[in-house]
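# What the coordinates show
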Amino acid sequence: MPLHSEEEDLKTRAIGGESQGIVAGRRNRRVVQGRGEGRKSSSKGYFDVEWQSPVRHRLLRLFKLYCKGDKFTISRNCLVPLTVRERDAKETLGLAIWRQVLKVGEDWIFLFLLGMSMATISFSLDVIISKFQRANLWVYDSLDRYRYLQYFSWALYHVFLTMVSAGVAKYLSPQAAGSGIPELKVTLRGVTLDEFFTFRTFLAKLIGVTCTLAAGSTIFLGKVGPFVHMATILATLLGKVMVKFSGGKENKGRKYEMLIAGAAVGVACCFVAPVGGVLFSVETTATHFAVRNYWRGFFAATCAALMFRLLAVVNNEHETVAVLFSTNWRVEFPFDLPEFLSFALLGVICGCLCCLYLFCHRNLTMFLTNHGKISKFMANNKILFAGFVALVLASVTYPHGVGQYIGSRLSMKEHLETFFDNRTWGSDEQVLRNSTCQPPFPTYDEKWLQWTHPRLSSLEMLAFFIIVKFFMLLLATTMVVPAGYFLPVFVYGAGLGRLYGEIMAKIFPEGIISEGIRIKITPSGYALAGAAAYSGAVTHTISTALLVFELTGQMSHILPVLFAVLVANAISQRSQPSFFDGIVIVKKLPYLPKLTVGKSGAHNIYVEDFMETDLRYVAKDQKYKDVRNLLKNSKQKQFPLVDSTESKVLLGSINRKNLAKLLARQLNPERRLQFRQEQQRHAKETLAEGEVTPGSKSNTSDGAQTSETQPSNRDDNRYFENEEDGEEVVDTMTTSEVEEWEYHQFQEVLRLDECVIDPAPFRLVKKETLHECYDLFNLLGLRIAYVTSTGRLVGVVALKELKAAVERCVKGMPASESLSNEGGPPQKVTLIQNENA
């Protein structure tokens, strides 16, 4: 007897309370029969089971599941029913626990778990990466007498890790490649990306970013973007768990709130900066932000930052909760007013260099994407290409080669520590501390000594670092690996600011004298301003100024740093799209560009200037042939519905799929079969009444004979099942008859009773400005909007038209110039019809 039938029999006998017990059909099991109807066995259970098979517990639990597990329990291999009081106590306990959870608030619990989880992952990842990098340096230093083996071990380490990262992104989850912030921006706007928030993508992102970061400053990529992506994935998964636990339903608004909180946590657990993390995540991912969501971001980010710092204390990295990069700058007179001009000049330099970097990165990426042979090679050989790039970068950073001039032994974090160092590297007293001017043997106490060399000064090494890292970063961003791009530009900006500060200290060795007070130049202060200004210009954000203050704990330079950030942003936003917007442009994701900052031209452009007036719509008085021609000659996914072709009053919109279903329903073969059956039934009734003339009989017989002489038509017969009597009916209609029947079907007027219609599509008026239309599309996540005048349809605005209008506004071109360039004024509203159909 099959196992399933035995389990069903066991369940039936248990419910019925039969006194005869159960006789097992298996040789390896024995069941003691019950002792009477309604009586229990000696073990106080309905059935005392003493099976010798190891699957005993499995079958008992399966039986419990079949018998509704809230009514039975397992005790001493017996199935014991729960009393009414025990069941009520069990339910009461669960309700009590759930009520206590509701008192605390499920959102608070969700945000707490999210922050703690991501902080633990971030700290664990940092520990693992640090061990990898130290192991690499230990192997490299162990081969000190063998230069070729040193180069081989150095190159092999970076090539292997980079290829593993690229392999994970290719085979495990392609959505894990890249930063993730551009795709998140598109998602927050309402566009759904497949496999972007799955656990598979989370796992691939975690493995890939671990390998990428373990490669250190050689690959020169970061972790901010991947951690923002992973935090949003974890927020989505935790949100689903919380929804199931609470018994509610998922909704779009709640998902948006979870993603915003996840983005804030992703930045906070990287920089241990809760306030700057929330503001940076808002600036980089959202065009509009609801103030009611601030508390979610701040609470989750604070939990993440606190957990990260507590883990550092537990791991004996710090004695107490402290900032990530500690400094001891002078607080009384950290800078003088004349230095504001110097900081402003640093902002100009960062802004101009940022524009050059963004221009080169976007054009290089577009060239690799659009070039036929190169794009095909990179699509089929992503792992090989990543290995080749890693080999080039490893050769450049080889410590006994070019790498000795750019501090290649230092990690990304150690680079920041040296750039924020309080010393002035170019002063004589600091040079005396390393009189040999030799690159020191690996030491982790005086990392700044890596920037001294017998043949180059510190200024020359920093200048060489700026030049080499510029091209290294451009090359590294071409690889398809899980990696972030904010931390590299942050480190690069810190190096640029440090170079600028050292030059200022060289020009003014005694400092700046103002009102009789001599104030020395602090190069680390310029490094702080450079990091904030350059990274803010690349990402078009202002919150980087707050990030650097939370990183160092220094608020003395808040005014000059913020001034440099504003100057750099003014130049960058006026000239180039941000780094993440550039990726959106290259990938052709549906996202609107930013309007020009500081201009009011968008308020002088109206919807009627850029709306599309050559419309294709559906009217209630149209025929099915019009719908067929509409679908055949148009690729639109949505069509407006008007009451008639004359008045054109907008009633709603219909999806393309629904129109196709409507047309398919009209031409359904079953309807043709019913039509054929009605004809045959009508012919039989006519013959029965004797109304058929001899001539018509001969014609009928001739027709039948003719049909017999056409076997080819019979070969095309189709069989259908009659729903009334269940018999198969043969479709004997010829091709000409089918065409004639379809012709008559196309001539019928539309019947929209069973068609799904959106009764309230979003509408605009002709005099709405471009700025208002832009805000509405971003705020509501619109893809298309119809323009009406007193209820009459006059135009349509889609993302394509709005994007073109915004780009023309940014370039200072009139809104209607592109229309004139395309061949004259816009045409009138037309309707595609085919009278010969």
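Residues numbered from 1 in each chain as written. Predicted model: local features only at pLDDT ≥ 70, side-chain atom pairs only at ≥ 80, totals over all residues. Heavy atoms only, no water.

### Some details on a nonpolar patch on the surface
A cluster of nonpolar side chains, contributed by Phe-152, Leu-156 and Phe-160, occupies part of the molecular surface with about 340 Å² of accessible area. The class of Phe-152 is exposed, set by a relative accessible area of 51%. (Patch = residues over 30% accessible without salt bridge, like charges linked within 9 Å, V, L, I, M, F, W, Y side chains within 5 Å. Areas by Shrake-Rupley, 256 points an atom, 1.4 Å probe, with all protein chains shown as cover. Salt bridge = Lys/Arg side-chain N within 4 Å of Asp/Glu carboxyl O. Buried < 20%, exposed > 50% of the residue type's maximum accessible area, 1.4 Å probe, protein only.)

### Points about the nonpolar core
One finds Met-118, Phe-271, Tyr-357, Phe-419, Tyr-534 and Val-561 to be the most contacted residues of the largest nonpolar core, which totals 127 residues. Here this core gets twelve residues from one element, more than from any other, and that element is helix α18 (residues 486-507). Membership of the second largest hydrophobic core comes to 22 residues, among which are Phe-610, Leu-770, Val-797 and Leu-799. (Core = buried A, V, L, I, M, F, W, Y, C linked by side-chain atoms within 4.5 Å. Helix = DSSP H or I, 4+ residues; strand = E, 2+ residues; numbered from the N terminus.)

### So, unusual backbone geometry
For His-540, which is not glycine, the phi dihedral falls at a positive 60 degrees. Counting through the fold element by element, His-540 comes out in the loop between α19 (523-539) and α20 (544-552). Positive phi, close to 55 degrees, is recorded for Thr-790, a residue that is not glycine. If you trace the backbone, Thr-790 turns up in the loop between β11 (784-789) and β12 (792-798). Judged by relative accessible area, which is 83%, Thr-790 ranks as exposed.

### With respect to the pairing of β11
Where strand β10 (residues 763-765) and β11 come together, three bridges link them in parallel fashion. The residue bridging Leu-764 from the neighbouring strand is Val-787, located in β11. Remark: the β10/helix α30 (residues 770-780)/β11 crossover connection has right-handed handedness. Sheet analysis places β11 next to β12, joined by six bridges and oriented antiparallel. What sits directly across from Ile-784, in β12, is Ala-798. Taking the residues between adjacent antiparallel strands as the criterion, β11 and β12 are bridged by two residues, where Thr-790 takes a positive phi near 55 degrees. (Pairing = 2+ DSSP bridges. Right-handed = clockwise from strand over helix to strand, strands pointing away.)

### A short note on the pattern of salt bridges
In total, this model carries nine salt bridges according to the counting rule given. Linking Lys-223 and Asp-126 is a salt bridge whose minimum nitrogen-to-oxygen distance equals 2.8 Å. With Lys-223 in the loop between α7 (199-214) and α8 (224-246) and Asp-126 in helix α4 (residues 106-142), this residue pair connects regions lying 97 residues apart in the sequence. The exposure class of Lys-223 is buried, given its relative accessible area of 8%. In this structure, Lys-185 engages Asp-581 in a salt bridge whose closest nitrogen and oxygen atoms are separated by 2.6 Å. Of the two residues, Lys-185 sits in helix α6 (residues 181-188) while Asp-581 sits in helix α22 (residues 579-587), which places them 396 residues apart along the sequence. Overall, the relative accessible area of 5% leaves Lys-185 in the buried class.

### Focus: the packing of aromatic side chains
Counting across every chain of the model gives 27 aromatic pairs. Measuring from ring centre to ring centre gives 4.8 Å for Trp-108 and Phe-299, while their planes differ by 80 degrees; the resulting arrangement is edge-to-face. Residue Trp-108 is found in helix α4, and its partner Phe-299 is found in helix α11 (residues 294-314); the two are separated by 191 residues along the sequence. For Phe-299, a relative accessible area of 24% puts it in the partly exposed group. With 5.7 Å between their ring centres and 25 degrees between their planes, Tyr-294 and Phe-298 make a pair best called stacked. One end of the pair is Tyr-294 and the other is Phe-298, both in helix α11 and four residues apart, which spans about a single turn. Residue class for Phe-298 comes out partly exposed when judged on its relative accessible area of 27%. Through a chain of ring-to-ring contacts, the aromatic side chains of Tyr-357, Phe-470, Phe-471, Tyr-485, Tyr-492, Tyr-534, Phe-579 and Phe-580 assemble into a single cluster. Its guanidinium or amino end placed over the ring of Phe-227, Lys-223 lies 5.1 Å from that ring's centre, counting from NZ or CZ. A cation over a ring is seen here: Lys-767 above Tyr-606, with NZ or CZ 5.4 Å from the ring centre. (Phe/Tyr/Trp six-rings, centres within 6.5 Å; stacked < 30°, edge-to-face > 60°. Lys NZ or Arg CZ within 6 Å of the ring centre and 35° of its normal.)

### Observations regarding the sheet that holds β11
The strand order across the open sheet formed by three strands is β10-β11-β12, and the pairing between neighbours is mixed. Unpaired on one side and paired on the other, β10 and β12 mark the two borders of the sheet. The sheet shows a mean angle of 40 degrees between the axes of neighbouring strands, direction not considered. (Axes fitted to C-alpha atoms, helices over the stretch in contact; angles between N-to-C directions.)

### Here we look at α6
Counting buried positions over the eight residues of α6 gives eight, a clear majority of the element. Inspection of α6 places Ile-181, Pro-182, Glu-183, Leu-184, Lys-185, Val-186, Thr-187 and Leu-188 among the buried residues, and these make up the whole buried set.

### A look at the confidence of the model for the chain
On average, residues of the chain score 76 in pLDDT, and 73% of them are at 70 or above. This stretch, residues 818-837, has a pLDDT under 50; its non-local contacts, to residues over four places away or in other chains, come to 33 contacts. (pLDDT = per-residue confidence, 0-100. Contact = heavy atoms within 4.5 Å.)

### Structural notes on a positive patch on the surface
Side chains of Lys-637, Lys-657, Lys-661 and Arg-783 sit close together on the surface and give a patch of like positive charge. By the secondary structure assignment, Lys-657 is in helix α25 (residues 656-666). (Lys, Arg positive; Asp, Glu negative; His and termini not counted. Charge placed at Lys NZ, Arg CZ, Asp CG, Glu CD.)

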